[in-house]
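Report on the structure
Each chain, written out:
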Amino acid sequence: MKIILFLLFFLISEYESHSFRYLQEQEPGLSPWGKYRIAPKTGVKIALPTPEQLQWQAQELGVLIHFNIATYIDDDGCTGQIVPNISLFKPYLLNTDNWVQTMIDFGAQYAVLVGKHACGFHMAPTNVTFPINPSGRNIPYTYSIDYSPMKSRDVLGEFINSCKKKQIRTGFYYTVVSNNWFNVERGFIQNRSLQPGQMNITQKTYENIVLEQLREIWTRYGTLEEIWFDGGYTADMKEPITNLLAELQPQAIAFNGYGVSHNPARWIGTEMGVAPDPNWSTGVTEDGGDPDSPIFCPAECDTTLQNNDRWFWGPKATLRPLSELIQVYHETVGRNCILMLDLTPDRTGLIPPEYARRYKELGDFIRSCYGTSVPSTERLVVDDSSLHVLLFDSTPVTVDRSVIQEDQTNGQVIREYTIDVQLANATDINEWITVAKGTSVGNKKIDVWSIGAQLVSGVRLNITKSVDKPVIKAFTVHLCN
């Protein structure tokens, strides 16, 4: 009670020019209209998310599965004009349920599988045929699983079925701009001599093949949560891809999809698993975004489990240490970015034991640290939701970090905040010490306090700048190893 009385006195003195009241629950914001709204508080444009974007962003953890014919060469993907022999693709122990078990151990909520990478090898059965140059003779797309030692299998279908059994959402990666089998780079047939294994086709033929194969994988496997356009698309392909996506998978999040989808997500400009700080949910640039942008386009942080930015399994690859991956978690999910960690089956078609162990170690840390919070005895929300206070009245607690989650249904509105603590042994009850400060919150902001663990009787979130009334979904404190 003494702390509560002090707090009221402190708030009255510090916020005497403001009216305030206790809030038992969050008040609803303005109803969204269009792609942005005008804030009544400041008159600025606030970008509005789609329901699909919010649902996707709230998942926080996903995997990008790199498994293709490039798994069977030493290089990390098909560089230059290399076209690996199709006979190499023989994962004799292939089991996508094994993949899903590792996803669960890590904590992934969704998974995106590489259907076609730069080599040109297509992991799905395909009915596409095309004319070759210069004869015009029509031939099937023979650089696919149908013509490999695994011709009786549909890896994409098996992946979808395994994920469905465990309620993991799914998506596909299909690169539009690279295909070594067709001598394509940056989306265009290259004017150079063909190397062994490459096919001679026209630019128009290539574009037709892309659209036909996208139609196949976007219709055969049900509703997809995410579509990956790695490297984007050419200007000529923008309109047909936009139309196809709107027709077949309008609900899907499109990575690198601004301009072709109503549900775009953006890249942050690095594959190292370090989001900029601040990192906003708005803006379309490949960096930390733009708080003033009228476009809601949350970030996805893709990175590898293996060292040296290696995506496909490698026989000599080593794994990033757990301590580094924990830092990756804090610098992605903890900075308002969804973490997409590479999942790498080996040449047998299974996740190697040491890899599975590392994914689970990271998942175990996340669950142990953030699965539960240190409970407060009382929570106060005052000054029109700008001040959130956690009280530990009867028993002080030791904590070393805080987690903020903003309700972005009506847009991201917080621009600056501080985290302050009242030390349990403070001689001055009016003394609050700032242990963290920041700008962007969005889906989640984790502040690991640089001063380390503190014994506290109160912790407050003080939102010092916002463009409209802030709505906090969660504010918690934790003590972690």
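The structure reproduced in this document is the subject of the present report. For every chain, the first residue of the written sequence is number 1, and numbering continues from 1 along that sequence. Predicted model: local features are reported for residues with pLDDT of at least 70 only, side-chain atom pairs are reported and counted for 80 or more only, and whole-chain, interface and lining totals are derived from all residues. For the side-chain quantities, the full set of heavy atoms in the structure was used; hydrogens and water were omitted.

**Some remarks on the pairing of strand β16 (residues 387–391)**
Accessible area is worked out with a 1.4 Å probe on protein chains only. A residue is then buried under 20% of its type maximum, exposed over 50%, and partly exposed in between. For the purposes of this entry, the term helix denotes a DSSP run of H or I that reaches at least four residues, the term strand denotes a run of E that reaches at least two, and both are numbered from the N terminus. With respect to burial, β16 is a largely interior element, five of its five residues being buried. Residue alternation in β16 divides its side chains into two sets, Leu387, Val389 and Leu391 and His388 and Leu390, and both sets are buried. We call two strands paired when DSSP finds no fewer than two bridges between them. Two elements, strand β15 (residues 378–382) and β16, share five bridges in a ladder whose sense is antiparallel. Each bridged residue has a counterpart across the sheet, and for Arg379 the counterpart in β16 is Leu390. Between β15 and β16, which pair antiparallel one after the other, the connecting turn spans four residues, and Asp383 there sits at a positive phi close to 55°. Across five bridges, the pairing between β16 and strand β22 (residues 454–466) is antiparallel. Each bridged residue has a counterpart across the sheet, and for Leu391 the counterpart in β22 is Gly458.

**Here's the deal with the nonpolar core**
Definition of nonpolar core: a set of buried residues of the types Ala, Val, Leu, Ile, Met, Phe, Trp, Tyr and Cys, connected through side-chain atoms within 4.5 Å. Grouped together as the largest cluster of nonpolar side chains are 87 residues, with contacts concentrated most on Ile65, Trp99, Met103, Phe159, Phe182 and Trp218. Here this core takes seven residues from helix α8 (residues 353–370), the largest share from any one element. Any two residues having at least one pair of non-hydrogen atoms within 4.5 Å are treated as being in contact. Other than its neighbours up to four places away in sequence, Ile65 contacts Trp99, Met103, Ala111, Val112, Leu113, Val114, Phe159, Leu343 and Pro345. Core analysis: the second largest hydrophobic core is formed by 24 residues, Val435, Ile463, Ile472 and Val477 among them.

**Re the packing of helix α3 (residues 96–106) against α8**
Close contact between α3 and α8 brings their axes to 7 Å; oriented N to C, the two are set at 30°. Taken as axis vectors, α3 and α8 run roughly parallel relative to one another. Between α3, through Thr102, Ile104, Asp105 and Phe106, and α8, the contact on the second element is made entirely by Ala356, Tyr359, Lys360, Leu362, Gly363 and Arg367. Amino acid classes used here: Ala, Val, Leu, Ile, Met, Phe, Trp, Tyr, Cys and Pro are nonpolar; Asp, Glu, Lys and Arg are charged; the rest, including Gly, are polar. A breakdown of the residues in the contact of α3 with α8 according to their chemical character gives five nonpolar, two polar and three charged. Helix axes use the C-alpha atoms of the stretch in contact, all axes being lines fitted to C-alpha atoms, and the angles between their N-to-C directions lie in the range 0 to 180 degrees. Here the word oblique covers every angle except those under 35 degrees (roughly parallel), over 145 (roughly antiparallel) and from 65 to 115 (roughly perpendicular).

**Some points on empty space enclosed by the protein**
In this analysis, the protein atoms alone were mapped onto a 1 Å grid. Cavities are point sets where a 1.4 Å probe fits without being able to get out; pockets are open sets with protein on both sides within 12 Å along at least five of seven lines; lining residues have an atom within 4 Å of a point. Grid points are joined across faces, edges and corners, and a volume is the space filled by probe spheres set on the points. Throughout the structure, instances matching the rule amount to two cavities of 30 Å³ or more. The calculated volume of the largest cavity comes to roughly 40 Å³. Every residue lining the largest cavity is listed: Gln57, Glu60, Val333, Asn336, Cys337, Ile338 and Asn443. Per-class residue counts for the lining of the largest cavity are three nonpolar, three polar and one charged. Element by element, the count of residues in the lining of the second largest cavity is highest for strand β2 (residues 45–47), at three residues. Of the residues contributing to the lining of the second largest cavity, the split by class is three nonpolar, three polar and two charged.

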